[in-house]
Amino acid sequence: NAGVTQTPKFRVLKTGQSMTLLCAQDMNHEYMYWYRQDPGMGLRLIHYSVGEGTTAKGEVPDGYNVSRLKKQNFLLGLESAAPSQTSVYFCASTPGTEIAKNIQYFGAGTRLSVL
Amino acid sequence: AQSVTQPDIHITVSEGASLELRCNYSYGATPYLFWYVQSPGQGLQLLLKYFSGDTLVQGIKGFEAEFKRSQSSFNLRKPSVHWSDAAEYFCAVAPSGNTPLVFGKGTRLSVIA
């Protein structure tokens, strides 16, 4: 029973490098989200998707891009990493139905350091 | 825009003592309300939620929360804290349906013997 799986768990980048974080869910959920967590800031929404092929900006989208080519996967890209993007990144998903009422299921997180 | 305030950044309680974590939100209507817990190095786990109806809701691990419309609050309580409750707790709100959650900044709970 995998749920929401994030890859990789840890990564260290140099400033200017690019990388992609992968989120995969096996619950057939429609909605998926990317958050970043910084000390004292709680979780802030980066981008989200309400279905395959759709994406939308959240509270802090600058410096990130996303894609949802398959329903089960939600990719977060950093084209040119900056030290300000050092953070823990969480992916979440929810069914998107009225019954589910926005209960989100979270992955274990990806810890990213940009030097 | 809606916002969530958790006034206490860090709380320390003795094992066996009662606990109350505060959460206030700003939104005109009654939003969907959630409490999540995050153990060190882990993702977030849903403790409980409120959508409508009875204003006192029960969750997992012996937690409960009370929605008070007049105070725009959704405080989390536990009558007797265990050492394993040490974690960070997040309150979150959504206006309705599947709009993105807005999280508070979290309250870190430490439990001492």
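Higher on the page you've got the structure.
Computed from a predicted model, the values in this text were never measured in an experiment. (Residues numbered from 1 in each chain as written. Chains lettered and ligands numbered in written order. Predicted model: local features only at pLDDT ≥ 70, side-chain atom pairs only at ≥ 80, totals over all residues. Heavy atoms only, no water.)

Chemist: Which residues make up the overall build of chain B, and what values do they have?
Modeler: A count of helices and strands for chain B gives zero helices and 12 strands. Start at the N end of chain B and walk to the C end: the helices and strands fall as β-β-β-β-β-β-β-β-β-β-β-β. Its C-alpha radius of gyration of 13 Å places chain B within 12% of the 13 Å reference for a compact globule of 113 residues. Across the 113 residues in chain B, those meeting the buried criterion constitute 49%. Long-range contacts, defined here as pairs at least 24 residues apart, represent 53% of the contacts in chain B between residues at least 6 apart. For chain B, the exposed surface amounts to about 5,200 Å²; the carbon and sulfur share of it is 50%. Of the charged side chains in chain B, 9 are positive and 8 negative; the average position of the first set lies 5 Å away from that of the second. (Helix = DSSP H or I, 4+ residues; strand = E, 2+ residues; numbered from the N terminus. Rg over C-alpha atoms; globule rule 2.2 N^0.38 Å. Buried < 20%, exposed > 50% of the residue type's maximum accessible area, 1.4 Å probe, protein only. Contact = heavy atoms within 4.5 Å. Areas by Shrake-Rupley, 256 points an atom, 1.4 Å probe, with all protein chains shown as cover. Lys, Arg positive; Asp, Glu negative; His and termini not counted. Charge placed at Lys NZ, Arg CZ, Asp CG, Glu CD.)

Chemist: Break down the state of the cysteines for me, citing the residues and quoting the values.
Modeler: Under the defined criterion, the tally for this structure stands at two disulfides over all chains. Covalent S-S linkage joins Cys23 of chain A and Cys91 of chain A, the inter-sulfur distance amounting to 1.9 Å. Given an S-S torsion of about -75 degrees, the disulfide between Cys23 of chain A and Cys91 of chain A has left-handed geometry. Of this pair, Cys23 of chain A sits in strand S3 (residues 19-25) while Cys91 of chain A sits in strand S9 (residues 87-94), placing them 68 residues apart in sequence. Of the two residues, Cys23 of chain A and Cys91 of chain A, neither departs from the other in class, the shared state being buried. Sulfur-sulfur distance for the disulfide between Cys23 of chain B and Cys91 of chain B comes to 2.0 Å. Classification of the bridge connecting Cys23 of chain B and Cys91 of chain B rests on its S-S torsion, roughly -65 degrees, and on that basis the disulfide is left-handed. Of this pair, Cys23 of chain B sits in the loop between strand S3 (19-21) and strand S4 (24-26) while Cys91 of chain B sits in strand S10 (residues 87-94), and the two are 68 residues apart along the sequence. (Disulfide = S-S within 2.5 Å.)

Chemist: I'd love a proper account of empty space enclosed by the protein, names of residues and values included.
Modeler: Residue and element names in this part refer to chain B. Under the definition given, this model contains one cavity of 30 Å³ or more. The volume enclosed by the largest cavity comes to roughly 50 Å³. Every residue lining the largest cavity is listed: Val37, Ser39, Leu47, Lys61, Phe63, Ser84, Asp85, Ala87 and Tyr89. Residue composition of the lining of the largest cavity, by class: five nonpolar, two polar and two charged. (1 Å grid on protein atoms, 1.4 Å probe; cavity = no way out; pocket = protein on both sides within 12 Å on 5 of 7 lines; lining within 4 Å. Points joined across faces, edges and corners; volume = space filled by probe spheres on them. Nonpolar A, V, L, I, M, F, W, Y, C, P; charged D, E, K, R; others polar.)

Chemist: I'd like a description of the layout of surface pockets, backed by residues and values.
Modeler: The space that makes up the largest pocket amounts to roughly 700 Å³. Gln37, Val88 and Arg111 of chain A together with Gln38 and Glu88 of chain B are the residues nearest the centre of the largest pocket, which is lined by 33 residues in total. Contributing elements (two or more residues each) for the lining of the largest pocket: strand S4 (31-38), S9 and strand S11 (110-114) of chain A together with strand S1 (3-5), S10 and strand S12 (107-112) of chain B. For the lining of the largest pocket, a count of residues per class yields 13 nonpolar, 14 polar and six charged.

Chemist: Summarise the pattern of salt bridges; cite the residues concerned and give the values.
Modeler: All names here are of chain B. Considering all chains together, one arrives at seven salt bridges over all chains under this definition. Residue Arg22 pairs with Asp8 through a salt bridge whose shortest N-O separation is 2.9 Å. Placement of Arg22 in the loop between S3 and S4 and of Asp8 in the loop between S1 and strand S2 (10-14) is noted, with a sequence separation of 14 residues between them. Close ionic contact of Glu66 with Arg77 constitutes a salt bridge, the shortest N to O distance being 3.1 Å. (Salt bridge = Lys/Arg side-chain N within 4 Å of Asp/Glu carboxyl O.)

Chemist: Could you give an account of the side chain of Gln6 of chain A, with specific residues and numbers?
Modeler: All names here are of chain A. Inspection of the secondary structure assignment puts Gln6 in strand S1 (residues 4-7). A polar contact is formed between the side chain of Gln6 and the backbone nitrogen of Cys91, at a distance of 3.0 Å. If sequence neighbours within four positions are ignored, Gln6 has contacts with Leu22, Trp34, Tyr89, Phe90, Cys91, Gly107, Ala108, Gly109 and Thr110. (Polar contact = N/O pair within 3.5 Å; in protein donor to acceptor, adjacent residues only side chain to side chain.)

Chemist: With reference to specific residues and values, describe the pairing of S1 of chain A.
Modeler: Residues and elements named next belong to chain A. Judged by which residues are buried, S1 turns out to be one-sided: Val4 and Gln6 face inward and are buried, whereas Thr5 and Thr7, on the alternate face, are not. By the bridge criterion, four bridges tie S1 to S3 in an arrangement that is antiparallel. Following the sheet pairing, Gln6 is matched in S3 by Cys23. (Pairing = 2+ DSSP bridges.)

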